[in-house]
Amino acid sequence: MSVLVAARNEEVTIKSCLESLISQNVNNNVCVDILIGNDASEDNTAEILLEFVRKSDQIRVFNIPQNRPLKGKVNVLDYLSSYTDAEYILFADADVIYPSSWVQNMLNSLLSKDIVTGVTIVEQGELWSDYQRLDWIFALKMIRILSKLGIPVTAMGNNMGIRKVMFDKVGGMKGIPFSVAEDFALFREVIKAEGHFEQLFSKEVLAVTQPINSLNEWLHQRWRWMQGAKKVQVSLKILNYLNIIFYPLLILLGAFFNELLWLLPVVYVVKSATIITIQKKLALKIRWKASLLFEFMYLFTYNVLLIYSVTKPKVYWKGRVYKSE
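Residues numbered from 1 in each chain as written. Predicted model: local features only at pLDDT ≥ 70, side-chain atom pairs only at ≥ 80, totals over all residues. Heavy atoms only, no water.

Scanning the protein from N- to C-terminus turns up 12 helices and 12 strands. Computed over its C-alpha atoms, the radius of gyration of the protein comes to 20 Å, within 12% of the 20 Å expected for a compact globule of 325 residues. Dimensions of the protein, computed from C-alpha atoms along their principal axes, come out at roughly 65 × 40 × 40 Å. Relative to its full complement of 325 residues, the protein shows a buried share of 53%. (Helix = DSSP H or I, 4+ residues; strand = E, 2+ residues; numbered from the N terminus. Rg over C-alpha atoms; globule rule 2.2 N^0.38 Å. Buried < 20%, exposed > 50% of the residue type's maximum accessible area, 1.4 Å probe, protein only.)

What follows is the structure, encoded as structure tokens:
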């Protein structure tokens, strides 16, 4: 089993991430090899990585060449994958902390599936952080429901696993069209190759990442993710956009058909109850304020995102700029 980690300017988070990866509880017959790609970091990431190499024989660090045809994270993952012959590959992000049960439970799923995604949430904190936390788990729960219905949506590159035989079958990272949403691109190629997928949803694969500090940074992040979302099937696109504009649309229709307005409180109560239930399912502390304000914050942030996306801005990521896809 190999875990691939792309690292670019991660001095604040990489230590916690690696400590969680070298502390995995796995069966005696499972060997975990951690490959880290230092992607031209300009901070102290390289020094921190060297410290971990000295204290753990699980870790191998590679300085990623910048003169290769591939760019960004795709370049890192492609380079790292050429140095493993493991039967299973997990993808982790340097700003994420993984539970000690993560590797074993992802592996258990990969024994029967070709590509698997776990659950990642934002660290709890103030209202803005808690909103992001709930936004992540709500979206992943919806993806989980669709996957149970046999409808593939996407994978998540900070909490993902794939069989090496399937990875090679689709041509690895070289075999997918370049995208800043490399997780979706890889997932889509696996589905095209008739691979079996699973969206896990349990505390055993529940990882934690850092929140985005400002609305502007959040817009950059979500716009990058939308590069993948723009390529999902039309029916899912329509459902997504309807979800975003649901309340304004219902209010507009209610102006002509007053009997529809009763749906406003009903939908609010149902979705708020769903958010609370999901937190219980994952054994999380319920963030009551964020749960009750979630619908209002969702309405605001995602409609701002729609307006932001109209201009088709460039994609900003890890100090690099990419064209909108």
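Having seen the structure, we can now continue with the description.
Another aspect to go through is the nonpolar core. In terms of nonpolar packing, the biggest core is built from 70 residues, with Val3, Leu18, Leu21, Ile34 and Trp102 touching the most fellow members. Excluding residues that lie within four positions of it along the chain, leucine 21 makes contacts with Val3, Val5, Ile34, Ala92, Tyr98 and Trp102. In terms of nonpolar packing, the next biggest core, distinct from the first, is built from 28 residues, Phe62, Tyr79, Met160 and Val170 among them. (Core = buried A, V, L, I, M, F, W, Y, C linked by side-chain atoms within 4.5 Å. Contact = heavy atoms within 4.5 Å.)

In this section: the side chain of lysine 164. Following the sequence through the fold, lysine 164 ends up in helix 6 (residues 164–169). Residue classification places lysine 164 among the buried positions, given a relative accessible area of 14%. In contact with lysine 164, not counting residues within four places along its chain, are Ser81, Thr84, Ala86, Glu87, Tyr88 and Ile89.

On to helix 1 (residues 14–21). Of all the positions in helix 1, only Ile14, Cys17, Leu18, Ser20 and Leu21 are classed as buried. Along the axis of helix 1, the buried residues cluster in a sector spanning 160°; they form a single face. (Arc of directions from axis to C-beta.)

Taken together, the side chains of Val234, Ile238, Leu242, Ile245, Leu249, Leu252, Leu253, Phe256 and Phe257 define a hydrophobic patch exposed on the protein surface, amounting to about 840 Å² of accessible area. Put simply, the parts of the chain that give the nonpolar patch at least two residues each are helix 9 (234–244) and helix 10 (246–254). Position of leucine 252 relative to the elements: it lies in helix 10. Residue classification places leucine 252 among the exposed positions, given a relative accessible area of 52%. (Patch = residues over 30% accessible without salt bridge, like charges linked within 9 Å, V, L, I, M, F, W, Y side chains within 5 Å. Areas by Shrake-Rupley, 256 points an atom, 1.4 Å probe, with all protein chains shown as cover. Salt bridge = Lys/Arg side-chain N within 4 Å of Asp/Glu carboxyl O.)

Now for the pattern of salt bridges. Opposite charge on two side chains allows them to pair when their charged atoms are near. The tally for this structure, following the rule as stated, stands at 13 salt bridges. Between aspartate 78 and lysine 174 there is a salt bridge, and its shortest N-O distance comes to 3.1 Å. With a gap of 96 residues between them, aspartate 78 in helix 3 (residues 72–81) and lysine 174 in the loop between helix 6 and helix 7 (182–192) connect regions that are remote in the sequence. Relative accessible area serves as the criterion here: at 5%, aspartate 78 is assigned to the buried category. The closest approach of N and O atoms between glutamate 189 and lysine 192, which form a salt bridge, is 3.6 Å. Here glutamate 189 and its partner lysine 192 are both found in helix 7, three residues apart, which amounts to about one turn of the helix. Overall, the relative accessible area of 14% leaves glutamate 189 in the buried class. Three or more residues are tied together by salt bridges with common partners; here these are Arg68, Asp78 and Lys174.

We now examine the sheet that holds strand 4 (residues 88–93). Across a sheet, paired strands are connected by hydrogen bonds in the backbone, their directions being either parallel or antiparallel. Strands sit in the order 3-2-1-4-8-6-9 across an open sheet of seven strands; the sheet is mixed. Strands with a single pairing partner mark the edges of an open sheet, and in this sheet they are strand 3 (59–63) and strand 9 (197–199). Sheet twist, expressed as the average angle between the axes of neighbouring strands with direction ignored, equals 20°. Summarising the sheet, strand 1 (residues 2–7) and strand 2 (residues 33–38) pair through six bridges and their orientation is parallel. Residue leucine 4 lies in a different strand from strand 2, and its bridge partner there is leucine 35. (Pairing = 2+ DSSP bridges. Axes fitted to C-alpha atoms, helices over the stretch in contact; angles between N-to-C directions.)

Running from N to C, helix 9 and helix 10 cross one another at 70°; their axes reach a closest spacing of 4 Å. Taken together, the axes of helix 9 and helix 10 are roughly perpendicular relative to one another. On helix 10, the residues touching Leu242, Asn243 and Ile244 of helix 9 are Phe246, Pro248 and Leu249. Counted by class, the contact of helix 9 with helix 10 contains five nonpolar, one polar and no charged residues. (Parallel < 35°, antiparallel > 145°, perpendicular 65-115°, else oblique. Nonpolar A, V, L, I, M, F, W, Y, C, P; charged D, E, K, R; others polar.)

Looking now at the packing of aromatic side chains. Enumeration according to the criterion identifies 17 aromatic pairs in this entry. Their ring planes at 45° and their centres at 5.3 Å tell us that tyrosine 79 and tyrosine 83 sit as a pair that is tilted. Residues phenylalanine 178 and tyrosine 322 carry aromatic rings whose centres are separated by 6.1 Å and whose planes lie at 35° to one another, so their mutual orientation is tilted. Placement of the pair is phenylalanine 178 in the loop between helix 6 and helix 7 and tyrosine 322 in strand 12 (residues 320–322), with a sequence separation of 144 residues. (Phe/Tyr/Trp six-rings, centres within 6.5 Å; stacked < 30°, edge-to-face > 60°.)

Note that every value here comes from positions in space, so none of it alone points to a role or purpose.
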